[in-house]
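Observations on the model geometry
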Amino acid sequence: MSSMLAINDIHVSYGNIKALKGVSIEAQQGQIVCLIGANGAGKSTLLRAIVGLEPLVMGSIEFNGEKIAEGRTEHGKPHVVLTEQICARGISLVPEGRRVFADMTVEENLDMGAFLVRDKALIIKRKSEMYDFFPILWQRRKQKTRSLSGGEQQMMAIARALMSDPRLLLLDEPGLGLAPLVVQDIFSKISIINKENKVTVFLVEQNARMALKASDNGYVMENGLIVLSDRADALLVNEQVKSAYLGQ
Amino acid sequence: MVNFFLLILIYTGIYSLMAIGQNVITGYAGMLSLCQAGFFAIGSYVTAILCVDCGWNFFATLPIAALLSALVGVLIGLPTLRLKGDYLAIATLGLGEIIRNVINNWDSLTNGPMGIQRIPKPSILGITINPYNKLGYLLMVVIFVLVFYLILKRLADSRMGRALEAIREDEIAAGSMGINVTKYKVFSFAIGAACAGVAGSLQTCFSLSVTPGTYTFMVSVMVLCMVVLGGMGNFKASILGAFLIQLISYFPQLVGLSNAFPAQVKQILFGLILIVMMIYRPQGIMGRSRRTYRWAGGKTKDSRFLARLAEKLKPGKSKEASK
């Protein structure tokens, strides 16, 4: 087991406000790792930093042993991989609030997900896999995405992210604003993606119970710091987590 | 009367070029740019200066006009295209005015407010194109519009067109799909600028004189108005919009009422058109054109191919096929 994603002591600031104050996270190949925490803990900032949308002040992020982001160092400019190149490396982000291309049809959205794939036959093959996996998208394929329900849009956003055949799938609050049953459905899909397609998943979620149940390892973030990290099943019974995040 | 109508059609053609360029920037990439007049001026002056001072043939100056406009577009685009919405509009508005002021004051090159006169008539293959022969000139303009329309239509249906649409809808999502947002934005800006540059060349060649007073902010507003009126993301609509706006702006002269309508009425009308369109028909008269992508097997006009594709994509099919 090699470490697929390694975040080493990263610091991110918005002006004077320190959003991340030295966060280290590791995800092994084939795992589902979740990061839970309250609003404003810095969860989304962390994901934005991984895909190169936020510059690091300190620390580094490695993907498959290669540095994809680095803070300022004494010698010269830091090495940073741009957002649009992240995708080509095999990292795919399902952004917070889904961010679907609302005026495009479902099918066109999926095509966009395969923007870097030049082989038409391969795009068709992947699309058919996605339609197998999310049959509802097949029914909706000719509809504009804005006419889809929240759950369907979330599934489409996940399918779109998978179109580039990523090794690492980043999910930012996949359950945001969805009915509990739909959230359950989405999490079961995520588990299947992880097991069958061998995609490593790193997910950020406020719905701690759902996230921990689906994950192998979990991290708890508070005010830009990791306060707890353990196996997910251990966190589920951890007293601290129980009282703060699970409402028990 | 016929002559006057031909004049309107010629201006429709020249403005159509600017409008389809603006449509790439605003309709496809979703950026509100207000400096088509600036690129129009650059194209005009490149042609005028090269024809008069260097004795070039008009047609030889066209690529230079397009390239220089595009280059200025790229240089200005790189820093300003990070701005969004209103801020970009303000920055580009300023750029248009800066270009006009530079032209107005760079006496040694542009002859300042006096402008450049006595521009030789263009000729190609021994045929002199006489701008006073309006029908002949119109034919040339129509050919230009047609060529640019076909090129841009092709571009819009390509991978680049889809990238631009994705950027318009959501920049962050587009970036995480692997689309180089900055590259495509700057590229669309350059294409729009090049179109305006060529339009400027045609304008010079038609009026055979250039003065900085032609390239005011009103030109940019008019072009934007054409795009909004016709329909964003639809090149045919831009041409229709250009025709309607030209017709409206020359209407008083056309019906012999130019004394009754002061020139400012035109500007009030454009403002009204923009407001009314935004409220009642934001998609424009024709609306966005149906996409006919030629890549990814997304949508093609070939229905048999579509049917086969649908068969391939049906759930359950692929697993059976792979077994």
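Residues numbered from 1 in each chain as written. Chains lettered and ligands numbered in written order. Predicted model: local features only at pLDDT ≥ 70, side-chain atom pairs only at ≥ 80, totals over all residues.

**Here's the deal with the overall build of chain B**
The number of helices and strands found in chain B is 14 helices and 2 strands. Out of the 323 residues belonging to chain B, those deemed buried represent 45%. Summarising the internal contacts of chain B: among those between residues at least 6 apart in sequence, 78% fall at separations of at least 24. (Helix = DSSP H or I, 4+ residues; strand = E, 2+ residues; numbered from the N terminus. Buried ≥ 20, exposed ≤ 12 C-beta atoms within 10 Å, placed from the backbone. Contact = placed C-beta atoms within 7 Å.)

**Quick look at the overall build of chain A**
Check the secondary structure of chain A and you find 10 helices and 10 strands. For 248 residues, the compact-globule formula gives about 18 Å, and the C-alpha radius of gyration of chain A, at 18 Å, lands near that figure. Counting only C-alpha atoms and orienting by the principal axes, one finds that chain A spans roughly 50 × 50 × 35 Å. When contacts within chain A are restricted to residue pairs at least 6 apart in sequence, those whose partners lie at least 24 apart make up 66%. (Rg over C-alpha atoms; globule rule 2.2 N^0.38 Å.)

**Here's the deal with the pairing of strand S8 (residues 200-205) of chain A**
All names here are of chain A. Of all 6 residues making up S8, 6 are buried, and the element is well covered by its neighbours. When strand S3 (residues 32-37) meets S8, the two strands line up parallel, connected through 5 bridges. Bridging from a neighbouring strand, isoleucine 36 pairs with glutamate 205 of S8. Bridge count for strand S7 (residues 168-172) against S8 is 5 bridges, and the pairing is parallel. (Pairing = 2+ DSSP bridges.)

**A short note on the nonpolar core**
If you look at the biggest cluster of nonpolar residues, it comprises 172 residues, and the most contacted ones within it are Ala159(A), Leu170(A), Cys195(B) and Met226(B). The element best represented in this core is helix H9 (residues 181-207) of chain B, accounting for 16 residues. When neighbours within four sequence positions are excluded, Cys195(B) is seen to be in contact with Leu17(B), Met18(B), Ile20(B), Gly21(B) and Phe148(B). (Core = buried A, V, L, I, M, F, W, Y, C linked by C-beta atoms within 7 Å.)

**Thoughts on the interface of chain A and chain B**
On the chain B side, the residues contacting the 32 residues of chain A number 26 residues. The class makeup of the residues in the side of chain A that touches chain B is 17 nonpolar, 4 polar and 11 charged. (Nonpolar A, V, L, I, M, F, W, Y, C, P; charged D, E, K, R; others polar.)

**Details of the sheet that holds strand S2 (residues 17-28) of chain A**
All names here are of chain A. Read from one edge of the open sheet, 4 strands run S2-S1-S4-S5, paired in antiparallel fashion. Strand pairing shows two members of the sheet lacking a second neighbour, S2 and strand S5 (66-70), which therefore form its edges. Taking each pair of neighbouring strands and ignoring which way they run, the sheet shows an average axis angle of 20°. As defined by bridge partners, strand S4 (residues 58-63) adjoins S5 across 4 bridges and the pair is classed as antiparallel. Counted as the bridge partner of phenylalanine 63 is glutamate 66 from S5. Contacts from helix H1 (residues 43-50) reach strand S1 (3-14), S2, S4 and S5, with the element oriented near 65° to S2. (Axes fitted to C-alpha atoms, helices over the stretch in contact; angles between N-to-C directions.)

**With respect to the pairing of S2(A)**
As a general feature of sheets, a regular strand has side chains that alternate between the two faces. Residues and elements named next belong to chain A. Pairing between S1 and S2: 9 bridges, direction antiparallel. Bridge assignment links leucine 5 to a residue of S2, and that residue is alanine 27. Adjacent in sequence and paired antiparallel, S1 and S2 are bridged by 2 residues, among which glycine 15 carries a positive phi angle near 65°.

**Side note on the packing of helix H1 (residues 2-28) of chain B against helix H10 (residues 217-230) of chain B**
All names here are of chain B. Here H1 crosses H10 at 70°, and the two axes come no closer than 9 Å. Between H1 and H10, the angle is such that the two are roughly perpendicular. Regarding H1 and H10, the two cross each other, and that crossing is right-handed. Here Tyr15, Met18, Ala19, Gln22, Asn23, Thr26 and Gly27 of H1 come into contact with H10, specifically with Val223, Leu224, Met226 and Val227. Looking at the contact of H1 with H10, its residues break down into 7 nonpolar, 4 polar and no charged. (Parallel < 35°, antiparallel > 145°, perpendicular 65-115°, else oblique. Left-handed = near helix turned anticlockwise from the far one by under 90°.)

**Quick notes on the sheet that holds strand S9 (residues 217-222) of chain A**
Adjacent strands of a sheet form backbone hydrogen bonds with each other and so pair up, either parallel or antiparallel. Residue and element names in this part refer to chain A. The 6 strands are arranged S6-S7-S8-S3-S9-S10 in an open sheet whose pairing can be described as mixed. With partners counted over all chains shown, the strands left at the sheet margins are strand S6 (91-94) and strand S10 (225-231), one partner each. Adjacent strand axes in the sheet meet at a mean angle of 15° when their direction is disregarded. In terms of strand pairing, S3 meets S9 through 5 bridges, oriented parallel. Residue pairing for S9: valine 33 is matched across the bridge by asparagine 217. Of the strands in this sheet, S3, S6, S7, S8 and S9 are in contact with H1, which crosses S7 at around 145°.

**Points about the confidence of the model for chain B**
Residues and elements named next belong to chain B. In the predicted model, chain B carries a mean pLDDT of 85, and the fraction of residues at 70 or more is 89%. Confidence drops under a pLDDT of 50 for residues 294-303, and excluding neighbours within four residues, the segment shows 22 contacts in the predicted structure. Reported for the predicted complex are a pTM of 0.84 and an ipTM of 0.84. (pLDDT = per-residue confidence, 0-100.)

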